[in-house]
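Now for the letters of each chain:
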Amino acid sequence: MDTLENPTSNSCDDLTELAFRHCIFPMVSTAELHREGPVIFAHGSGTHITDIKGREYLDMMSSHTRANSLGYGNLEVAQAMLDQAKRLHYVGTAQYLTEPSIKLAAKLAELSPGRLSKCMFVSGGSEAVETALKLAKQYQRESGLKPRAFKTISRWNAYHGATMGALSVTDWLPVREVFDPRVPGHSFVAGPTCYRNAYGVSDEEFAEICAQHLERQIQLEGPEWVAAFIGEPIMQANGVQIPAKSYWQRVRDICTQYGVLMIVDEIITGFGRTGYWFASEYFEIEPDIMTTAKAFSAGYAPLGAVITRCEIADAIPMFRHVHTFSGHATACAAANRVIAIKERDNLIARAKANGEYLQEALKSALSSHPIVGQVRGIGHWHAVDLTPDKCTKAPFADDTVKAVVKRTRELGVIVGAIGTAFEMAPPLIATRAELDQAVEACSQAVHDVAREHGLD
Ligand code: PLP
């Protein structure tokens, strides 16, 4: 019989069978699951993770979701959580607070761009987006500026989460049609992309078209009805879409001009992923509302936040929105320690420098390969966009991208498939030797898969 101290360790086959019998696997087709099986991990240390069969991998995706910015088995974070759980693990929500949540709010205000200084904590990214959208709508109404504004705008290929509000502003991944109708009043505009776009123009021209499209859409919807625009500063769809700085500056101006609150979704990009605390710093913009999650707690606890200016928060006499685990003390203690470690070990500046190193290494290993269309990236977030034809830039219509990712994993390195590209999002603690190892594995995988397809 199991005891709390000494749980029976199940065999590999038992666990797999239990998983098949009792688990729902999000975003994996049943056919794929039966072909590949679930991946069950047993332990991790630093940048390495080991599955229950004893196979060790170099994890260059920061735990699949890009959240795990400090690697596995960080004892300092674990200790901070243990200390807080022993002292006072959780006290409830609303006006019930603890020291770690107040200190974290103050720290978030210090690190956030511009005047963003008042926050609400939530349990993850989708909740953060829900909260941001509601905050924007309630502000427009209760400030008296736009009492009728209920409309929102986001972009083609956006990903903002899975709950109904966040899903309504989402376009990426085949996740939305099945749940229609979504929240009314939302529309999508073009979003800037790298390498390919619907009009076949340069990235810069397309970014300008996208900014104009946003302005036209606000005019079309009627500015007095439009509460907010939401966008990821760097889109994840088809791999690390870094727009020109001018795009975000134009969007900032347009939102200001029409009184549309600009929500910048920094759920992936926040807390060091781009070599900045927030990508808004890189784009030199001040959001009206910013969302963050993932690397906030480095994945040690489910945690997200929404932060805004005093003027916006204070215009609302009572924010009509709550979550049970908002400001969870143990999760906030984890995030406080994660931030302290990133500051002490200078991990944000290190991510910037190592990111430039990684980008160079990926370019020199892969750019000239016949199936590599573009290598791009910033900080610890990079994408290699694949094409069978460098002239037309057509994406692969088959599973070539997934095959490269699979081959890389066979070589002991975890990277991710993201539409037309494969992606690397190493934890901020990754060493240059580990980055070299990852580039070598990716390069070999691209060659192997291309050879199999007769394209090498
Ligand atoms: N926003 C962005 C930009 C994301 O990348 C994600 C998740 O990947 C979300 C929102 C949703 O976050 P969560 O999965 O924590 O609910």
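Residues numbered from 1 in each chain as written. Predicted model: local features only at pLDDT ≥ 70, side-chain atom pairs only at ≥ 80, totals over all residues. Heavy atoms only, no water.

Asks: What is the right way to read the layout of surface pockets from this model?
Replies: If a probe as big as a water molecule is rolled over the atoms, it shows which places are left empty. Counted as a void, the second largest pocket has a volume near 670 Å³. Lining the second largest pocket are 23 residues, and of these Ala94, Cys119, Met120, Phe121 and Phe319 sit closest to its centre. Counting only elements with at least two residues in the lining of the second largest pocket, the list comes to α5 (99-111), β4 (116-122), α6 (125-142) and β10 (304-309). Of all the elements, β4 adds the most residues to the lining of the second largest pocket, at 4 residues. Partitioning the lining of the second largest pocket into residue classes produces 15 nonpolar, 7 polar and 1 charged. (1 Å grid on protein atoms, 1.4 Å probe; cavity = no way out; pocket = protein on both sides within 12 Å on 5 of 7 lines; lining within 4 Å. Points joined across faces, edges and corners; volume = space filled by probe spheres on them. Helix = DSSP H or I, 4+ residues; strand = E, 2+ residues; numbered from the N terminus. Nonpolar A, V, L, I, M, F, W, Y, C, P; charged D, E, K, R; others polar.)

Asks: Help me out: how do you make sense of a nonpolar patch on the surface in this one?
Replies: On the surface, a cluster of nonpolar side chains totalling about 370 Å² of accessible area is made up of Met164, Val178, Phe179 and Val183. Locating phenylalanine 179 in the fold gives a position in the loop between α7 (164-168) and β6 (186-189). (Patch = residues over 30% accessible without salt bridge, like charges linked within 9 Å, V, L, I, M, F, W, Y side chains within 5 Å. Areas by Shrake-Rupley, 256 points an atom, 1.4 Å probe, with all protein chains shown as cover. Salt bridge = Lys/Arg side-chain N within 4 Å of Asp/Glu carboxyl O.)

Asks: So what exactly am I meant to see when it comes to the pattern of salt bridges here?
Replies: Under the definition given, this model contains 27 salt bridges. One salt bridge connects arginine 115 with glutamate 286, and the closest N-O pair in it is separated by 2.7 Å. Of this pair, arginine 115 sits in the loop between α5 and β4 while glutamate 286 sits in the loop between α10 (279-283) and β9 (289-292), placing them 171 residues apart in sequence. Look at arginine 115 and you get exposed, because its relative accessible area is 51%. Exposure remark for glutamate 286: the relative accessible area of 19% places this residue in the buried category. (Buried < 20%, exposed > 50% of the residue type's maximum accessible area, 1.4 Å probe, protein only.)

Asks: Would you take a moment to explain the environment of glycine 125 for this structure?
Replies: Looking at the secondary structure, you find glycine 125 in helix α6. Sequence separation between glycine 125 and glutamate 266 is 141 residues; the distance between their C-alpha atoms is 9.2 Å. Those residues in contact with glycine 125, other than ones at most four positions away along the chain, are Ile267 and Ala293. (Contact = heavy atoms within 4.5 Å.)

Asks: Even after reading the chapter, I still don't get the pairing of strand β7 (residues 226-231), so can you show me in this structure?
Replies: Moving residue by residue along a regular strand, the side chains alternate between the two faces of the sheet. Across the 6 residues that make up β7, a large majority, 6, are buried. Where strand β5 (residues 151-155) and β7 come together, 3 bridges link them in parallel fashion. Pairing of isoleucine 153 across the sheet is with phenylalanine 229, part of β7. As paired strands, β7 and strand β8 (residues 261-265) are joined by 4 bridges and run parallel to one another. By the bridge assignment, isoleucine 230 is partnered in β8 with isoleucine 263. Between the parallel elements β7 and β8, the chain passes through helix α9 (residues 245-258) in a crossover that is right-handed. (Pairing = 2+ DSSP bridges. Right-handed = clockwise from strand over helix to strand, strands pointing away.)

Asks: Would you mind showing me how to read the packing of helix α13 (residues 347-366) against helix α15 (residues 432-452) here?
Replies: For any two helices packed against each other, one specifies the crossing angle of their axes together with the interaxial distance. Put simply, α13 and α15 touch, their axes get as near as 10 Å, and they point 25 degrees apart. Classified by the interaxial angle, the pair formed by α13 and α15 is roughly parallel. The way α13 lies across α15 gives a crossing that is right-handed. The residues of α15 that touch α13, namely those facing Ala353, Asn354, Tyr357, Leu358, Ala361, Leu362, Ala365 and Leu366, are Arg432, Leu435, Asp436, Val439, Cys442, Ser443 and Val446. Tallied by class, residues from the contact of α13 with α15 come to 11 nonpolar, 2 polar and 2 charged. (Axes fitted to C-alpha atoms, helices over the stretch in contact; angles between N-to-C directions. Parallel < 35°, antiparallel > 145°, perpendicular 65-115°, else oblique. Left-handed = near helix turned anticlockwise from the far one by under 90°.)

Asks: When you look at the nonpolar core in this model, what are you seeing that I'm missing?
Replies: As a rule of thumb, soluble globular proteins bury nonpolar side chains together. Core analysis: the largest hydrophobic core is formed by 40 residues, its most contacted members being Leu214, Phe229, Tyr247, Trp248, Val251 and Met262. Within the residue set of this core, elements represented by two or more residues are α8 (203-221), β7, α9, β8, α10 and β12 (381-386). Structurally, this core is a two-domain feature, drawing no fewer than three residues from each of domain 1 (12-68 + 346-452) and domain 2 (77-344). Among residues more than four places away in sequence, those in contact with valine 251 are Leu214, Phe229 and Met262. (Core = buried A, V, L, I, M, F, W, Y, C linked by side-chain atoms within 4.5 Å. Domains from an automatic or database assignment.)

Asks: How should the sheet that holds strand β15 (residues 421-424) be read in this particular structure?
Replies: Each strand in a sheet pairs with another by means of backbone hydrogen bonds, the pair being arranged parallel or else antiparallel. In space, the 4 strands of this open sheet follow the order β11-β12-β15-β14, with antiparallel pairing throughout. Sheet topology places β11 (372-378) and β14 (416-418) at the edges, where each strand pairs with a single neighbour. Sheet twist, expressed as the average angle between the axes of neighbouring strands with direction ignored, equals 25 degrees. In this sheet, β15 lies alongside β14 in antiparallel orientation, the contact comprising 3 bridges. In the strand pairing of β15, alanine 417 is matched with phenylalanine 422.

Asks: What should I look at first to understand the domain arrangement of the protein in this one?
Replies: How big an interface is tends to be reported as the loss of accessible area on association of its parts. The domains assigned to the protein are domain 1 (12-68 + 346-452) and domain 2 (77-344). Here domain 1 and domain 2 have C-alpha centroids that lie 26 Å from each other. Each partner contributes residues to the interface: domain 1 has 35 residues there, and domain 2 has 35 residues. Taken over both partners, the interface formed by domain 1 and domain 2 buries close to 2,800 Å², and the fraction arising from carbon and sulfur atoms is 62%. Looking at the side of domain 1 facing domain 2, the largest losses of area belong to Ile348, Ile378 and Trp381, adding up to 26% of the total buried there. Joining domain 1 to domain 2, the criterion identifies 1 salt bridge. In this structure, aspartate 385 and arginine 196 form a salt bridge, with 2.9 Å as the shortest nitrogen-oxygen distance. Applying the counting rule to domain 1 against domain 2 returns 20 residue pairs in polar contact (both at pLDDT 80 or more). For the side of domain 1 that touches domain 2, the per-class residue count stands at 16 nonpolar, 13 polar and 6 charged. (Buried area = accessible area lost by both parts, 1.4 Å probe. Polar contact = N/O pair within 3.5 Å; in protein donor to acceptor, adjacent residues only side chain to side chain.)

Asks: Got a minute to help me understand the packing of aromatic side chains in this structure?
Replies: In this description, a pair of aromatic rings is defined by centroid distance and the angle of the planes. Scanning all chains against the criterion turns up 13 aromatic pairs. Seen from their ring centres, phenylalanine 271 and tryptophan 277 are 6.1 Å apart, and the 85 degrees between their planes marks the pair as edge-to-face. Pair check on accessibility: phenylalanine 271 and tryptophan 277 agree, each one buried. An angle of 25 degrees between the planes, with centres 4.8 Å apart, marks the rings of phenylalanine 271 and phenylalanine 296 as stacked. Of the two residues, phenylalanine 271 sits in the loop between β8 and α10 while phenylalanine 296 sits in the loop between β9 and β10, which places them 25 residues apart along the sequence. The residues phenylalanine 271 and phenylalanine 296 share a single accessibility class, namely buried. (Phe/Tyr/Trp six-rings, centres within 6.5 Å; stacked < 30°, edge-to-face > 60°.)

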